[in-house]
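Coordinate inspection notes
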Amino acid sequence: IKKKVNEIHYADLAEIINELNFQESIYLIKLIDSDKTSDVLTELDEDVREKILERLSEKEIAGEIKELDSDDAADILSELSDEKQEKVISLIKDENITDNIRELLNYEEDSAGGLMAKELISVNENWSVLTCLREIRKQAKDITRVHSIYVLNKKKVLIGRLSLKDLITSPSKSKIKEIYIPKVDFVNVNDSADEVAKLMSKYDLEAIPVVNDKTELLGRITIDDVVDIIKDEADQNFLGMAGIAEDTFAPPGRAAKNRVFWLSLNLLTAFVASFTINAFQEVIDKIVYVAVLMPIVASMGGVAATQTLTIVLRGLTLEQINTSNIRWLFKRELAVSILNGLVLSILVGLVTFGWFKDITIAILISCALVINLISSVIAGILVPLILRKFNQDPAIGGSVVVTTVTDVVGFLSFLGLATIYLI
């Protein structure tokens, strides 16, 4: 087994371990070479990793931690209790590693400081190219991949970046101040992880330096960390639209607790829709085929509202929607709903007439469909904006609310028109 797993990439090993039972996971983790085990731990699902870390001794965890970049090491240690953290750190003899980890543990998890790693290459503007190359060789020993070379002044303030091409093609006696690039994007250590992700995505950056309020260089964030942030946010939005707030491997008790609120709210809204139908019991009793057609109106409205809601949620997440373009978005979505409403209402009207041979009911369901598609746009845009205004996550509550709105409006419009024109 050891021979086979050592030929497998650590990310693939993490997938395998996620599928194993707990005892098998522990056995396999202890079997893998230490330098690969540390990478595997960073790729594991959080719940699986948490269980494994509980069974590993402080000495075993310390052995894995010292093999990792400082950001990954801090991430794993943050999942331990304060007492266990201290015991693990005390077993690491390299003071540079422990100092870096302690510093990173002080930052909020969802901040630039919580994302950054301390390993980087920085050079002084007054160094010669020859000195610079010599210093880079020393610094690169502890770095897995060199993304950028940052240029500092004598006060350790970030002033620019250095092109590797310019470095190796310049005369050895040239000063770094003569060849460096003054323009460099950076983030403040207290910036949010979302802000970092948007900036790196916007400018296609592989890495970005992190500075303090004095623009002193503290660390760097690489694209792999940002991809994780974007993926996590997308997962949260996707799960949130279904009213789910836990990951794939969450225990049944916690999963049930997370879901019960939104299931209960959905049950409440279902009763609201049922009361609406009950208010028109007379028309349903007299014209039975009205009940047959009701789900069509409600279903079309719900799907259309979900489409608009998805667009708005994406816009809010990427900060593409603001006060300057919300009216444009509303007009566009309204135009789309009216066009779709006209086309689909004609189709539904023709099918209804061919089915029941009643021109009045065909016209009524067509009108109700247009009304409900328009309401779906209003709900799909306003509901997430209102939820955001009250500091609620629109991804989690939005779908439940908009579905209720379109159901109620659909039933009201169709049954109301039926009551007026058929009774």
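Described in the following lines is the structure provided in the data block.

Each value, and the rule that gives it
- The residue numbers shown here count from 1 along each chain, following its written sequence.
- Only residues with pLDDT of 70 or above have their local features reported here, since the model is predicted, and side-chain atom pairs are shown and tallied only from 80 upward, although totals for entire chains, interfaces and linings are computed over all residues.
- Side-chain descriptors were evaluated using all non-hydrogen atoms of the structure, hydrogens and water having been removed beforehand.
- Ring pairs shown here join Phe, Tyr and Trp side chains whose ring centres sit within 6.5 Å, with only the six-membered ring taken for Trp; geometry is labelled stacked below 30 degrees between planes, edge-to-face above 60, and tilted in between.
- Every helix listed is a DSSP run of H or I at least four residues long, and every strand listed is a run of E at least two residues long, numbered separately from the N terminus.
- Each residue's exposure class comes from its accessible area (1.4 Å probe, protein chains only) as a fraction of the maximum for that residue type: buried when under 20%, exposed when over 50%, partly exposed otherwise.
- Here, nonpolar core refers to any group of buried Ala, Val, Leu, Ile, Met, Phe, Trp, Tyr and Cys residues whose side-chain atoms link them within 4.5 Å.
- By the convention used here, residues are in contact when the closest approach between their heavy atoms is within 4.5 Å.
- Throughout, the arc means the angular range of directions from the helix axis out to the C-beta atoms.
- Nitrogen and oxygen atoms within 3.5 Å of one another constitute a polar contact, given that in protein one can donate a hydrogen and the other can accept it, and given that sequence-neighbouring residues count only through two side-chain atoms.
- Patches in this entry comprise residues that are over 30% relatively accessible and not in a salt bridge; like charges within 9 Å are linked, as are nonpolar side chains (Val, Leu, Ile, Met, Phe, Trp, Tyr) within 5 Å.
- Methods summary: accessible areas were calculated by the Shrake-Rupley approach with a probe of 1.4 Å, and residue burial reflects only the protein chains presented.
- Salt bridges are counted wherever a side-chain nitrogen of Lys or Arg sits within 4 Å of a carboxyl oxygen of Asp or Glu.
- We treat two strands as partners when DSSP finds at least two bridges between them.

**Brief notes about the packing of aromatic side chains**
Scanning all chains against the criterion turns up three aromatic pairs. Centre to centre, the rings of tyrosine 289 and phenylalanine 356 are 4.6 Å apart; their planes meet at 25 degrees, and the pair counts as stacked. Placement of tyrosine 289 in helix α18 (residues 289-317) and of phenylalanine 356 in helix α19 (residues 326-356) is noted, with a sequence separation of 67 residues between them. A relative accessible area of 23% places tyrosine 289 in the partly exposed class. Assessed through its relative accessible area of 21%, phenylalanine 356 is described here as partly exposed. Their ring planes at 20 degrees and their centres at 4.6 Å tell us that tryptophan 355 and phenylalanine 356 sit as a pair that is stacked.

**Focus: the nonpolar core**
Among soluble globular proteins, nonpolar side chains are generally buried collectively. Counting 27 residues, the largest nonpolar core has Ile17, Val40, Leu44, Ile52 and Ile65 as the members making the most contacts within it. Contributions of two or more residues to this core are made by α2 (10-19), α3 (22-31), α4 (34-43), α5 (46-55), α6 (58-65), α7 (70-77) and α8 (82-90). Contacts of leucine 44, omitting those with residues within four sequence positions, involve Ala14, Ile17, Asn18, Arg49 and Ile52. One finds Ile287, Val290, Ala304 and Leu369 within the second-largest nonpolar core, a separate group that totals 23 residues.

**Remarks on helix α9 (residues 95-105)**
Among the residues of α9, Thr98, Asn100, Ile101 and Leu104 are the ones counted as buried. Down the axis of α9, the sector holding all buried residues measures 165 degrees, keeping them to one side. Along its buried surface, α9 packs onto α6, α7, α8 and α10 (112-115). The N-capping residue of α9, defined by a side-chain oxygen 2.9 Å from the backbone nitrogen of asparagine 96, is aspartate 94.

**A short note on a nonpolar patch on the surface**
On the surface, a cluster of nonpolar side chains totalling about 410 Å² of accessible area is made up of Val292, Leu347, Val351 and Trp355. Looking at which element gives the most residues to the nonpolar patch, the answer is α19, with three residues. Here tryptophan 355 lies in helix α19. On the accessibility criterion, tryptophan 355 (52% relative accessible area) is exposed.

**Considering the pairing of strand β3 (residues 158-162)**
Burial of β3 is extensive: four of the five residues sit out of reach of the surface. Relative to β3, strand β2 (residues 149-152) runs antiparallel, the two sharing four bridges. Following the sheet pairing, leucine 152 is matched in β3 by leucine 158. In this antiparallel pair of consecutive strands, β2 and β3, the connection spans five residues, and lysine 156 shows a positive phi of 70 degrees.

**Here we look at unusual backbone geometry**
We note that aspartate 204 has phi near 55 degrees; this positive angle belongs to a residue other than glycine. In this fold, aspartate 204 is placed in the loop between α14 (193-202) and β5 (207-211).

**Quick word on the side chain of serine 25**
Relative to the elements of secondary structure, serine 25 occurs in helix α3. Beyond its immediate stretch of four places on either side in the chain, serine 25 contacts Ile17, Leu20 and Ile52.

**Some details on the pattern of salt bridges**
Within the structure shown, the criterion is met by seven salt bridges. Across the salt bridge formed by glutamate 60 and lysine 30, the nearest N and O atoms sit 3.8 Å from each other. One end of the pair, glutamate 60, is in helix α6; the other, lysine 30, is in helix α3, and 30 residues separate them in sequence. Linking glutamate 86 and arginine 102 is a salt bridge whose minimum nitrogen-to-oxygen distance equals 3.1 Å. Taken together, the residues glutamate 86 in helix α8 and arginine 102 in helix α9 connect sequence positions 16 residues apart. The exposure class of glutamate 86 is partly exposed, given its relative accessible area of 41%. On the basis of relative accessible area, arginine 102 is assigned to the partly exposed category, the value being 35%.

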